Amino acid sequence: MNLLITGIHGFVGSNLVNALSKDNTIFGLDIISPEKNGVVKTFSWDDLDKDLIPNVDVIIHLAGKAHDTKNKSQADVYFKINTELTKKIYDYALCHNVKKFIFFSSVKAAADSVMGDILTEDITPNPVGPYGESKIAAENYILSKEQERINNNMTTYILRPCMIHGPGNKGNLNLLYNVVSKHIPWPLGAFENRRSFTSIDNLCFVIDNLIKQNVDSGIYHIGDDEALSTNELIEVICKALGYKAHIWRLPCGLMNACAKLGGALHLPLNQERLRKLTENYVVSNAKIKNAIGIERMPVRASEGLEKTIKSFKNN
């Protein structure tokens, strides 16, 4: 098939090119346009306005403003990029006989925190902050065009991956790696939590199947099969580095008090960061596995994380 991938020079885009270029013809759409192995040509957003993009069967919309964990980005930037660019490319798809449109949203469009045991697609979205709010606004725009989508016989997938990782990515996993690799003991071992992750290999596997199979339009959460605790994640990091994990199980009350003091003194550990480090965020991938007809994702969570950590070590 002919594919158009927006944000093609980013982490996910680069991995999708590697995974999909053998069986497909790939074009890119990005704010930068260097040559890339596996990509015929990368176009600009101005080229989209000028209708210079070749006819394509599938559009994979990755381009977006990533979640700024330091909260330094202005709210309107998220909506300008995450919402308005999605509207623009989706309207283009509806008018150009595109067969499939794959939009990368985020689990943060559904919920900032998971209430209950597991996050499923049935939840009523309640995002917190401009990142999640801009993503759900983009989702709602796509859903508002349902009749046009049906009239144009276009299949649309809204994907909500949880934290994506793999060789070459930059994010919170890198920050944790930098702490653990310095042999700094982990002081939050007394907190029991579980979080879902998404290996880039599993993500590419899902996209390949969505392109090849006749899967119904819909919203799908994406994640690995297993959720890991932060303690287990630290053990995976240490295993990849070749040394024993140092996990301190200090009383939760003491760490909460330290976080409260840290907030008052503007220290790295504050109440919000403590909550993020110790909360549960487990995401169900049952719907997407059922849709593409598999029982298990090809890569186990611990295997994918170990591969990612080894890439940090090698770099």
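It should be emphasised that the depicted structure is a prediction, and the values quoted were computed from it without experimental measurement.

Basis of the calculations
Residues numbered from 1 in each chain as written. Predicted model: local features only at pLDDT ≥ 70, side-chain atom pairs only at ≥ 80, totals over all residues. Heavy atoms only, no water. Helix = DSSP H or I, 4+ residues; strand = E, 2+ residues; numbered from the N terminus. Rg over C-alpha atoms; globule rule 2.2 N^0.38 Å. Buried < 20%, exposed > 50% of the residue type's maximum accessible area, 1.4 Å probe, protein only. Contact = heavy atoms within 4.5 Å. Areas by Shrake-Rupley, 256 points an atom, 1.4 Å probe, with all protein chains shown as cover. Lys, Arg positive; Asp, Glu negative; His and termini not counted. Charge placed at Lys NZ, Arg CZ, Asp CG, Glu CD. Pairing = 2+ DSSP bridges. Phe/Tyr/Trp six-rings, centres within 6.5 Å; stacked < 30°, edge-to-face > 60°. Lys NZ or Arg CZ within 6 Å of the ring centre and 35° of its normal.

S.K.: What exactly am I supposed to notice about the overall build of the protein chain here?
M.R.: Scanning the protein chain from N- to C-terminus turns up 12 helices and nine strands. Over its C-alpha atoms the protein chain spans a radius of gyration of 20 Å, differing by no more than 12% from the 20 Å that the globule rule assigns to 315 residues. Its C-alpha atoms give the protein chain principal-axis dimensions of about 60 × 35 × 35 Å. When burial is assessed residue by residue, the protein chain has 50% of its 315 residues classed as buried. For the protein chain, the proportion of contacts with a sequence separation of at least 24, taken over those separated by at least 6, is 75%. About 15300 Å² of surface is accessible on the protein chain, with carbon and sulfur atoms providing 51% of the total. Separation between the mean location of the 36 positive side-chain charges and that of the 34 negative ones in the protein chain comes to 6 Å.

S.K.: Please explain the pairing of strand β5 (residues 100–104) as it appears in this structure.
M.R.: For a regular strand, side chains alternate in direction, first toward one face of the sheet and then toward the other. Counted residue by residue, β5 has five buried out of five residues, so it is predominantly covered. Alternating positions in β5 separate into two faces, Lys-100, Ile-102 and Phe-104 on one and Phe-101 and Phe-103 on the other, with burial throughout. With four bridges connecting them, strand β4 (residues 58–61) and β5 associate as parallel partners. Its bridge partner being in β5, Ile-59 is matched across the sheet by Phe-101. In this sheet, strand β6 (residues 155–161) lies alongside β5 in parallel orientation, the contact comprising five bridges. Of the residues in β6, the one forming a bridge with Ile-102 is Tyr-157.

S.K.: Help me understand the packing of aromatic side chains in this model?
M.R.: What characterises a pair of aromatic rings is the spacing of the ring centres plus the angle enclosed by the ring planes. Considering all chains together, one arrives at five aromatic pairs under this definition. For the pair Tyr-90 and Phe-101, a centre-to-centre distance of 4.8 Å together with 85° between the ring planes defines the contact as edge-to-face. Of the two residues, Tyr-90 is situated in helix α3 (residues 75–95) and Phe-101 in strand β5; the sequence distance between them amounts to 11 residues. Residue Tyr-90 is classed as buried on the basis of its relative accessible area, which comes to 0%. The ring of Tyr-78 carries Lys-65 above its face, with NZ or CZ at 5.9 Å from the centroid.

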